[in-house]
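As a plain string of letters, each chain reads:
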Amino acid sequence: MGEKPAEKFRAVRLSRSIVGKAEADAVSAVILQDGYLGMGKEVQSFERELAEYLGVSPDAVCCVNTGTSAVHLAVQALTRPGDEILVQSLTFVATYQAISATGAVPVSCEVLPESVTIDLADAEKKITKKTKAVLPVHYAGHAGNLAEIYTFAKRHNLRVIEDAAHAFGGDYDGKKIGSFGDTACFSFDGIKNITSGEGGAVVSSDPAVISAAKDARLLGVEKDTENRFKGARSWEFDVTRQGYRYHMSNIFAAIGRTQLRRLDNEFAPVRKRQVADYRESLAGVAGIKFFETDLKNVVPHIIPVRVLNGRRDALREFLKNAGVETGIHYKPNHLLSLYGGGATSLPVTEMLYGELLTLPMHPGLNDDDVAFVSEAVKRFFDV
Ligand SMILES: Cc1ncc(COP(=O)(O)O)c(C=O)c1O
């Protein structure tokens, strides 16, 4: 009897939404029982449940229609046009667009190559009189040097806006991300740790931030949230600040509430296990380098790795031919025309950009899928 031939092709998706009957039933209940699709009681319940999950006051949470809107409203609440914000270039363009939408200026900083979190030594050199905030991104869910970031911010009198789009459900120093510190922004888009279809939330220990975000999500109509949660709306009102149509709908909230109940027992353990499996089975592959993580506390949103010796694109092609979809998280923002087109150089970020490859990881994969991807990577490297 010969050995089973190695499986050479299997369609494995990079990521996908994990929704089913429970979410469909929740949406159906909003449509058939309540019938109010805008921002109402379902959103209020989602905010309360998020607050309970995080261990914060219900008044500390403001749900919006995307994670990008969450960052936009947090930055608008905390800075003025022309202010500078220290941010790592290696993040999704959503972070940068959200900053520049307010008129604030994203100042591109390096990351630490081990963790892809902001390099504070580089950030410090870029502080000017206009610097008002630092915006760390919890890349792949890992908050890295967050305590140091808060110390740094205190020393330089800066606000902290955490882009925690990747980090929902994670812990840091025994506390939930978003439950301590200044202001954090989450994303609940289709492929995040939990989804509400599309959606996001601002969580802040500063009531002024939440109050500003709550007004701004409803076109700047003051205190309209309170009316909406009672099934009413404001007819006589004043507007003092720029606002947007960024509120969350009851339909989105119904999906989000269902997903929140599935996170700890269903989604988080699978994400952690898949990352642990990849790390174990590829540990001996010299051409691959993993980033730091802490699987006891982090709920990983993606699993990016470094592919060394200029072989990233070849491995990507090899995996594609084996049916495996991969990603590159992310093209650094300082290379984009709107943010300088590469006029400044960030050598570490640019080096990582040439090496980054994200492997498939989501609760829709089974152990065989993950093993297949690992085997394919090893085949490429002749391990
Ligand atoms: C780091 C980061 N920030 C912000 C966002 C924006 O979230 P959303 O897609 O919900 O607008 C994303 C989304 O992928 C992200 O990855």
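Residues numbered from 1 in each chain as written. Predicted model: local features only at pLDDT ≥ 70, side-chain atom pairs only at ≥ 80, totals over all residues. Heavy atoms only, no water.

**Considerations on the packing of helix α3 (residues 67-78) against helix α7 (residues 207-216)**
Definition in use: Orientation is described by lines fitted to C-alpha atoms, with helices fitted over the stretch in contact, and by angles between N-to-C directions that extend from 0 to 180 degrees. Each helix is a run of H or I in the DSSP string that is no shorter than four residues. Each strand is a run of E no shorter than two, and both are numbered from the N terminus. Convention used here: angles under 35 degrees read as roughly parallel, angles over 145 as roughly antiparallel, angles from 65 to 115 as roughly perpendicular, and any remaining angle as oblique. Working rule for handedness: look at the near helix, and if it is turned counterclockwise from the far one by less than a right angle, call the crossing left-handed; if clockwise, right-handed. Residue contacts are defined here by distance: any two heavy atoms, one from each residue, within 4.5 Å place the two residues in contact. Classification convention: Asp, Glu, Lys, Arg as charged; Ala, Val, Leu, Ile, Met, Phe, Trp, Tyr, Cys, Pro as nonpolar; all other residues, Gly among them, as polar.
Remark: α3 packs on α7, axes separated minimally by 9 Å, with the N-to-C direction vectors making an angle of 125 degrees. Taken as axis vectors, α3 and α7 run oblique relative to one another. Note on packing geometry: the crossing formed by α3 with α7 is right-handed. Within the contact between the two elements, α3 uses Leu73, Gln76, Ala77 and Leu78 and α7 uses Val209, Ala212, Ala213 and Ala216. Its residues assigned to classes, the contact of α3 with α7 shows 7 nonpolar, 1 polar and no charged.

**Considering the sheet that holds strand β3 (residues 105-109)**
Just so we agree on the cut-off: Should DSSP find at least two bridges between two strands, the strands are regarded as paired.
Read across the sheet, 7 strands follow the order β1-β9-β8-β5-β4-β2-β3 without closing on themselves; strand pairing throughout is mixed. Since the sheet does not close on itself, it has two edges, and those belong to β1 (61-64) and β3, each with one partner. Taken pair by pair, the neighbouring strands of this sheet meet at an average axis angle of 25 degrees, ignoring direction. For strand β2 (residues 84-88) and strand β4 (residues 131-135), the ladder comprises 4 bridges, and the chain directions are parallel. Counterpart to leucine 86 in the pairing with β4 is valine 134. Sheet strands touched by helix α6 (residues 146-155): β2, β4, β5 (159-163) and β8 (183-187). Its angle to β5, the strand with the most contacts, is close to 155 degrees.

**Remarks on the domain arrangement of the chain**
Basically, it comes down to this: By convention here, the domain bounds are inherited from an automatic or database domain assignment. Two parts placed together each lose some accessible area under a 1.4 Å probe, and adding up what both lose gives the buried area. Salt bridge, as used here: a side-chain nitrogen of Lys or Arg that lies within 4 Å of a carboxyl oxygen of Asp or Glu.
Each domain of the chain was delimited in the assignment, giving domain 1 (21-258) and domain 2 (263-380). Relative placement of domain 1 and domain 2: their C-alpha centres are 25 Å apart. Counting each side, the surface lost to burial between domain 1 and domain 2 is near 2,800 Å², with a carbon and sulfur contribution of 58%. Considering only the side of domain 1, the residues that lose the most area to domain 2 are Leu90, Glu110 and Asn193, jointly responsible for 20% of the buried surface there. Between the two partners, domain 1 and domain 2, sit 0 salt bridges.

**Concerning a nonpolar patch on the surface**
In plain terms, the rule: In this scheme, patches are assembled from residues that exceed 30% relative accessible area and form no salt bridge. Like charges are connected within 9 Å, while nonpolar side chains (Val, Leu, Ile, Met, Phe, Trp, Tyr) are connected within 5 Å. The Shrake-Rupley method, run with a 1.4 Å probe sphere, supplies the accessible areas, and residue values consider only the shown protein chains as cover.
Taken together, the side chains of Ile31, Leu32 and Leu37 define a hydrophobic patch exposed on the protein surface, amounting to about 310 Å² of accessible area. Along the chain, the position of isoleucine 31 falls in helix α1 (residues 21-34).

**Some thoughts on helix α9 (residues 250-281)**
Rules: One less than the number of residues in a helix, times 1.5 Å, gives the span that helix is expected to have. Throughout, bend refers to the angle between the axes fitted to the seven residues that end at a position and the seven residues that start at it. Throughout this description, a polar contact denotes any pair of N or O atoms lying within 3.5 Å of each other; where both atoms belong to protein, one of them has to be capable of donating a hydrogen while the other can accept it, and for residues adjacent in sequence the pair is counted only when both atoms sit in side chains.
With 32 residues, α9 extends 43 Å between its outermost C-alpha atoms, agreeing within 8% with the 46 Å of an ideal straight helix rising 1.5 Å per residue. Within α9, the axis deviates most sharply at leucine 263, by approximately 75 degrees. The opening residue of α9 is serine 249, an N-cap whose side-chain oxygen sits 3.2 Å from the backbone nitrogen of isoleucine 251.

**Side note on the site of the ligand**
Heads up, the rule is: Throughout, near means a residue has at least one heavy atom within 4 Å of the molecule or strand.
Surveying the vicinity of the ligand reveals 16 residues, the closest of which are Gly67, Thr68, Asp163, Ser187 and Lys192. In the model, an oxygen atom of the ligand is placed 2.8 Å from a nitrogen or oxygen of the histidine 166 side chain. Interatomic distance of 2.7 Å between a side-chain N/O atom of serine 187 and an oxygen atom of the ligand. Across the complex, the protein chains shield 92% of the 390 Å² of accessible surface that the ligand would expose by itself. Only α3 and α4 (93-100) provide two or more residues apiece to the shell around the ligand.

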